[in-house]
Amino acid sequence: MATVSDRLLSRLLGPPGRLRLRVSQTLLGVPALGLMQLILLIDLWQGRAAPGPVAWFLGVSLAGCVAFYGLVRTGWSESLSREPSLSGPQMAFAMGCVLWAYGLAGPSRFAFLPLMPLIVVFGVFALRPRAVHTLAVLAVLGMGGVMAARVLGGDPLLPEAAAWTFQVASLASISVLSRRMARMRQVLQAQRTDLREALEQIRLLATRDGLTGLLNRRAMVERLQALTARHPGRPLTLALADLDRFKQVNDEHGHAAGDRVLQRFAHLAERLLGSDVLVARWGGEEFLLAFDGIDEPLARNLVDQLRQALRQGPLDGLPPGVRIDFSAGVASCHGPADLEQAIERADQAMYRSKVAGRGRTSRAEPSTVGASVHPGPVDSRRDPAGEPAQALATP
């Protein structure tokens, strides 16, 4: 439960997040403004400053702070500038206040000297180096003009010249620092980009098959678990496809030709079935297809369309007339608890397609649920997951 202080803080600074950060940055200048106003009031009390100009300064400086706070706190600054914190305008206003206060104050005006470099330092973190350099030049010229006016009004030259020299040295150093920090930010940005690309590459290596670009077995299982948990009542049909006599392709035409066959299947599956169907290289020359929101009859029809496309397409590295085919088994999945058994049912249905002569799709039978023994000897077809592919098509 929020305390009274938390509620007051939220009203003053806004909710936690970027808005509160911007409002907090806007209020950072309030103590410096209060210091200038206090020094001017002391000078006024001691008779070293004129009441009218001081009153104008107090009113304008306070009104400016309130205006900037209101623009940032209400979020209007987001529609007024590409930089919602209004850092540039706020710093220009603060520099104007320092110059004005320096011109009004008595001997205590030298206390304002550190404020100008401090304002420009904030720009190092919020503005581009060119903008910081511009502010520094304006600060040097503005302070020089105010100091020259005071000298012409009768103030000693040496203290003003020394103070101006201090401003020039400080602001020049800050300008150089801003350029160096900009280069550091560029280096850090490049490193962050490289890191993001490396992490993306690691993610792809962890979730994608290196040869076909499809999901690998582990990633497919994770996607299916999340899918069935998120939509337990929606139809989900699984199809396990195994390329027929793929070992013969490898033995007679080489593994490079076999790799192209696998890539061809992956390309056709993704292009014909679309992004709504998950396709994974399940192991060797086996592929698992997940039809989300598609019932079993329609899924079988889509698998048959994929088979026809694979049969008709010529393949580089294979003699003319050689056609690639696959056997498949299709099973419905009834929720998260049925996922492993549905894959097993699809696997057994695919074996029945092999036994029946290959190049066909079989529907999983309810009686096969939980069976662990494959019926009869069939075509050599499956390698351990991750091993080079083996077993596909005939002329």
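Please read all numbers here as calculations on a predicted model, not as lab measurements.

Caption draft 1: Looking closely at the overall build of the chain. A count of helical and extended segments in the chain gives 14 helices and 5 strands. The C-alpha radius of gyration computed for the chain amounts to 37 Å, which surpasses the reference 21 Å derived for 395 residues by more than 25%, pointing to a less compact arrangement than a globule. Across its three principal axes, the chain shows a C-alpha extent of roughly 110 × 50 × 30 Å. Within the chain, the proportion of its 395 residues that are buried is 41%. Within the chain, counting contacts between residues at least 6 apart in sequence, those at least 24 apart form 70% of the total. Total accessible area on the chain stands at roughly 20,900 Å², and carbon and sulfur atoms take up 62% of it. Counting 43 positive and 34 negative side-chain charges, the chain places the centres of these two groups 10 Å from one another.

Caption draft 2: Local environment of helix 6 (residues 87-104). The end-to-end C-alpha separation of helix 6 is 26 Å, in line with the 26 Å expected for 18 residues at 1.5 Å each. Of the positions making up helix 6, those classed as buried are S87, Q90, M91, M95, C97, V98, L99, A101, Y102 and L104.

Caption draft 3: Layout of the nonpolar core. M36, V98, Y102, F112, M116 and L171 are the most contacted members of the largest nonpolar core, which totals 35 residues. Taken together, the elements giving at least two residues each to this core come down to helix 3 (30-45), helix 4 (51-74), helix 6, helix 7 (115-126), helix 8 (129-152) and helix 9 (157-207). Ignoring sequence-local partners within four residues, the contact set of Y102 consists of R109, F110, F112, L113, M143, V146, M147, R150, E160 and A163. Judged by nonpolar contacts, the second largest core, of 33 residues, contains L262, A299, F326 and V330.

Caption draft 4: Molecular detail of the pairing of strand 1 (residues 236-243). Taking burial as the measure, the 8 residues of strand 1 include 8 buried ones, the bulk of the element. The two faces of strand 1 match: L236, L238, L240 and D242 on one face and T237, A239, A241 and L243 on the other face are all buried. As paired strands, strand 1 and strand 3 (residues 286-292) are joined by 7 bridges and run antiparallel to one another. Directly across from L240, in strand 3, lies its bridge partner L288. Pairing between strand 1 and strand 4 (residues 326-333): 8 bridges, direction antiparallel. By the bridge assignment for strand 4, T237 is matched with S332.

Caption draft 5: A look at the pairing of strand 2 (residues 277-283). Counting buried residues in strand 2 gives 7 out of 7 residues, a clear majority hidden from the surface. With 6 bridges connecting them, strand 2 and strand 3 associate as antiparallel partners. If you follow V279 over to strand 3, its bridge partner there is L289. The loop that links strand 2 with its antiparallel partner strand 3 comprises 2 residues; one of these, G284, has a positive phi angle of about 60 degrees.

Scoring rules and cut-offs
- Position numbers for residues start from 1 in each chain and track the written sequence from start to end.
- Whole-chain, interface and lining totals are the exception, using all residues; otherwise, since this is a predicted model, local features are given only for residues with pLDDT of at least 70 and side-chain atom pairs are given and counted only at 80 or more.
- Note: side-chain values were computed over all heavy atoms of the structure, leaving out hydrogens and water.
- Secondary structure elements are taken from DSSP: a helix is a run of H or I of four residues or more, a strand is a run of E of two residues or more, and numbering for both begins at the N terminus.
- Taken over C-alpha atoms, the radius of gyration is set against a globule rule of 2.2 Å times the number of residues to the power 0.38.
- For every residue, the accessible area (1.4 Å probe, protein chains only) is compared with the maximum for its type, and the residue is labelled buried under 20%, exposed over 50%, or partly exposed between those bounds.
- Every residue pair with non-hydrogen atoms within 4.5 Å of one another is taken to be in contact.
- Working definition of accessibility: Shrake-Rupley area with a 1.4 Å probe, residue cover restricted to the visible protein chains.
- The sign given to each residue is positive for Lys and Arg and negative for Asp and Glu; His and the chain ends receive no count.
- Charge positions come from single atoms, namely NZ of Lys, CZ of Arg, CG of Asp or CD of Glu.
- Every helix has an expected span of 1.5 Å times one less than the residues it contains.
- Definition used in this section: a nonpolar core is a set of buried Ala, Val, Leu, Ile, Met, Phe, Trp, Tyr and Cys residues joined via side-chain atoms within 4.5 Å.
- Paired strands are those between which DSSP finds at least two bridges.

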